[in-house]
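In case you want the letters, here they are:
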Amino acid sequence: MTKTSIPSTAWPDSVRCADDGDDDVRGPGGTDSVGIATKAKAKPKKPSQFKVLMLNDDYTPMEFVVMVLKRFFNMDLEQATRVMLHVHQRGVGVCGVYPYEIAETKVNQVMDFARQNQHPLQCTLEKA
Ligand code: TYC
């Protein structure tokens with residue numbers, strides 16, 4: 001009768017130690033070691049925020065601007081009227097602050113909707 005045994009070399013390195021996670025400390029040769037960690041810790045960046053700005057013009061009807069603010073920025077009639085009048089009087093106003101991709105989508109939605117209705121309304125982005 002012959003004795004069988006599992007050769008230890010059958011196991012890849014990754015299953016050798018129980019705590020072989022992403023965060024262990026290893027020397028340059030890949031062997032376990034104690035000392036200074038050489039691996040940079042992943043530092044997730046919080047997404048930067050962008051203001052969506054509405055610009056005044058002489059032609060777009062006030063009611064249309066209020067409709068845009070309600071439709072794309074989820075404002076109620078009172079908020080939308082306040083922002084529209086601010087833009088009308090001061091030239092520019094903030095519709096909302098969002099991560100870049102959402103802000104860009106809002107700008108495109110507003111510009112497309114204004115163009116479809118033949119109004120020169122302009123909307124743009126600015127880093128918050
Ligand atoms: N100034 C426009 C008017 O008198 C109204 C208006 C307000 C237009 C805000 C654009 O972003 C705007 N009809």
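Preceding this section is the structure that the text describes.
The structure reproduced in this document is the subject of the present report. (Residues numbered from 1 in each chain as written. Predicted model: local features only at pLDDT ≥ 70, side-chain atom pairs only at ≥ 80, totals over all residues. Heavy atoms only, no water.)

1. Observations concerning helix α1 (residues 62-73)
An ideal rise of 1.5 Å per residue puts 16 Å on 12 residues; α1 measures up with 16 Å between its terminal C-alpha atoms. All of the buried residues in α1 are Phe64, Val65, Val66, Val68, Leu69, Phe72 and Phe73. Buried residues belonging to α1 abut β1 (49-55), α2 (77-90), β2 (92-99) and α3 (100-116). At the exit of α1 stands asparagine 74, carrying a positive phi of roughly 55 degrees. (Helix = DSSP H or I, 4+ residues; strand = E, 2+ residues; numbered from the N terminus. Expected span 1.5 Å × (residues − 1). Buried < 20%, exposed > 50% of the residue type's maximum accessible area, 1.4 Å probe, protein only. Contact = heavy atoms within 4.5 Å.)

2. Here's the deal with the site of the ligand
Residues in contact with the ligand, as listed here, are Met54, Leu55, Asn56, Asp57, Thr60, Met62, Val65, Met84, Val87, His88 and Leu121. Here a nitrogen atom of the ligand sits 2.9 Å away from a polar atom, N or O, in the main chain of threonine 60. When the ligand sits alone it has 340 Å² of accessible area, and the protein chains cover 88% of it. Within the residue set of the shell around the ligand, elements represented by two or more residues are β1, α1 and α2. For the shell around the ligand, the element with the highest residue contribution is α2, accounting for three residues. For the shell around the ligand, the residue count by class is seven nonpolar, three polar and one charged. (Near = heavy atom within 4 Å. Polar contact = N/O pair within 3.5 Å; in protein donor to acceptor, adjacent residues only side chain to side chain. Areas by Shrake-Rupley, 256 points an atom, 1.4 Å probe, with all protein chains shown as cover. Nonpolar A, V, L, I, M, F, W, Y, C, P; charged D, E, K, R; others polar.)

3. Looking at unusual backbone geometry
Positive phi, close to 55 degrees, is recorded for asparagine 74, a residue that is not glycine. Checked against the element boundaries, asparagine 74 lands in the loop between α1 and α2. Take asparagine 74: its relative accessible area is 64%, and that puts it in the exposed class. Unlike most non-glycine residues, glutamine 118 shows phi in positive territory, near 55 degrees. Looking at where glutamine 118 falls in the secondary structure, it is placed in the loop between α3 and β3 (122-127). Taking relative accessible area as the criterion, glutamine 118 reaches 72% and is therefore assigned exposed.

4. Details of the pattern of salt bridges
For side chains bearing opposite charge, pairing can occur when the charged atoms are close. As enumerated under the stated definition, the model contains two salt bridges in all. Taking the shortest distance from any N to any O, the salt bridge between lysine 51 and glutamate 126 comes out at 3.1 Å. A residue pair is termed long-range when its members are at least 10 positions apart, and lysine 51 in strand β1 and glutamate 126 in strand β3 qualify at 75 residues. Measuring nitrogen to oxygen at the nearest pair gives 3.2 Å for the salt bridge that ties arginine 115 to aspartate 112. Linking arginine 115 with aspartate 112, this pair stays in helix α3, spanning three residues, or about one helical turn. Since its relative accessible area comes to 36%, aspartate 112 is described here as partly exposed. (Salt bridge = Lys/Arg side-chain N within 4 Å of Asp/Glu carboxyl O.)

5. Overview of the sheet that holds β2
With respect to topology, three strands assemble into an open sheet ordered β2-β1-β3, the strand pairing being antiparallel. In the strand order of this sheet, the two ends are held by β2 and β3, each with one partner. The sheet shows a mean angle of 30 degrees between the axes of neighbouring strands, taken without regard to direction. Pairing of β1 with β2 involves seven bridges; the strand directions are antiparallel. Directly across from leucine 53, in β2, lies its bridge partner valine 94. (Pairing = 2+ DSSP bridges. Axes fitted to C-alpha atoms, helices over the stretch in contact; angles between N-to-C directions.)

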